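Listed below are the residues making up each chain.
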Amino acid sequence: MNQIRFIEGFWKLFGRIRSEGLAWNHKRVHRVYKKLGMNLKRKHKRRLPKRVKEPLVQPGQSNQSWSMDFMSDVLTTGMRFRTLNIIDDYNREVLAIEVDTSLPALRVKRVLESVIEWRGKPTQIRTDNGPEFLAGELVSWCEQNRIHLQYIQPGKPTQNAFIERFNGSFRKDVLDAYLFSSLSQVRILTQEWMKDYNHHRPHEALDNLSPVQFRQRQTQQRAVNSGQLPDANPALQFPTIHSLSSSN
């Protein structure tokens, strides 16, 4: 029986038994087949719909496009943990870094809801094809809120370059820089790093301003252009950035 363990399907198995000259009744063979657990369905890899390559350009204002991705690391105790990173593509601002041992689709949805409460709703969110992002729970929630989930093509992380570049900074500055013994330590240092990253760390792609400084400057410029504020410095120019660079 061990030699035929991996044959798919009962009738293939029964046919082989008969070809070897064994005259067992198919009902008897089927009882043994089920007792051995050979009737369990095989899991097939889920086929993804065709993904269309979308150009990676910097949006013209906040909340036009967010990016999110997962990272993983391990505590000194050997326990693995994950982080869910969410940024605004417009100014590379970190909107959330959720840390826990498990981050299923329902948790991703709750984190997004929490960010939207203070930040506002994005037009689209760019992700890879991870199972949490493909889950019906998240997909349905995005459809209800009219948020477009923009999936990159499988195996093409450069199509999500904004978050990939951010992940590299977070890995270097936090995950690889410290030995963590608990999730609380990860969360505390992550929050401190986020504050510095958003408010003080200059980005070359943002004219060497921090994400918050860049957003505030653009907001002020739009107010000046609309006549809501006097232009205190007419010589001050605010560049419109549409490059594919995500350097920081």
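Just so it is clear, the model here is predicted, and its values are computed rather than measured.

Criteria and thresholds
Residues numbered from 1 in each chain as written. Predicted model: local features only at pLDDT ≥ 70, side-chain atom pairs only at ≥ 80, totals over all residues. Heavy atoms only, no water. pLDDT = per-residue confidence, 0-100. Contact = heavy atoms within 4.5 Å. Pairing = 2+ DSSP bridges. Helix = DSSP H or I, 4+ residues; strand = E, 2+ residues; numbered from the N terminus. Axes fitted to C-alpha atoms, helices over the stretch in contact; angles between N-to-C directions. Phe/Tyr/Trp six-rings, centres within 6.5 Å; stacked < 30°, edge-to-face > 60°. Buried < 20%, exposed > 50% of the residue type's maximum accessible area, 1.4 Å probe, protein only. Lys NZ or Arg CZ within 6 Å of the ring centre and 35° of its normal. Parallel < 35°, antiparallel > 145°, perpendicular 65-115°, else oblique. Left-handed = near helix turned anticlockwise from the far one by under 90°. Nonpolar A, V, L, I, M, F, W, Y, C, P; charged D, E, K, R; others polar.

I would appreciate a short explanation of the confidence of the model for the protein in the present structure.
As a note on interpretation, predicted positions should not be read in detail where pLDDT is low. Per-residue confidence for the protein gives a mean pLDDT of 84, with 81% of residues at or over 70. Taken together, the stretch residues 1-7 has pLDDT below 50 and engages in 12 contacts with residues farther than four places along the chain or on a different chain. Here residues 231-248 scores under 50 on pLDDT; set against residues more than four positions off or in separate chains, the count is 36 contacts.

So what exactly am I meant to see when it comes to the sheet that holds strand E3 (residues 93-100) here?
Two orientations exist for strands paired in a sheet by backbone hydrogen bonds: parallel and antiparallel. In spatial order, the strands read E3-E2-E1-E4-E5; together these 5 strands make up an open sheet with mixed pairing. In this open sheet, the two edge strands, each paired with only one partner strand, are E3 and strand E5 (148-151). Between one strand and the next, the sheet's axes are offset by a mean angle of 25°, whatever the strand orientation. Relative to E3, strand E2 (residues 80-88) is paired through 7 bridges, and the arrangement is antiparallel. Note that in E3 the partner of Asn85 across the bridge is Ile97. Where helix H3 (residues 105-119) meets the sheet, its contacts fall on strand E1 (65-74), E2, E3 and strand E4 (124-127), and the angle it forms with E3 comes to roughly 145°. Most of the contacts of helix H7 (residues 183-199) go to E3, to which it runs at about 175°, and overall it touches E2 and E3.

Just to check I follow, could you spell out the packing of aromatic side chains for this structure?
For any two aromatic rings, the description comes down to two numbers: the centre-to-centre distance and the angle of the planes. Throughout the structure, instances matching the rule amount to 8 aromatic pairs. Between the aromatic rings of Phe166 and Trp193, the centroid separation amounts to 5.6 Å while the plane-to-plane angle is 50°, which identifies the pairing as tilted. Of the two residues, Phe166 is situated in helix H6 (residues 161-175) and Trp193 in helix H7; the sequence distance between them amounts to 27 residues. Note on accessibility: Phe166 and Trp193 belong to one class, buried. Clustering of aromatic rings is evident, with ring pairs tying together Phe166, Phe170, Trp193 and Tyr197. When the ring centre of Phe70 is taken as origin, the NZ or CZ atom of Arg82, which lies over that ring, is 4.1 Å away.

Can you help me understand the packing of H3 against helix H5 (residues 136-144) in this one?
Packed helix pairs are specified by the crossing angle of their axes together with the interaxial distance, meaning the distance between the axes. Where H3 contacts H5, the two axes come as close as 8 Å, and the packing angle between them is 30°. Here H3 lies roughly parallel to H5, going by the angle between them. Crossing of H3 over H5 shows right-handed handedness. In this structure, H3 uses Leu106, Val108, Lys109, Leu112, Glu113 and Ile116 to contact H5, whose residues at the interface are Glu137, Leu138 and Trp141. Class assignment of the residues belonging to the contact of H3 with H5 gives a composition of 6 nonpolar, no polar and 3 charged.

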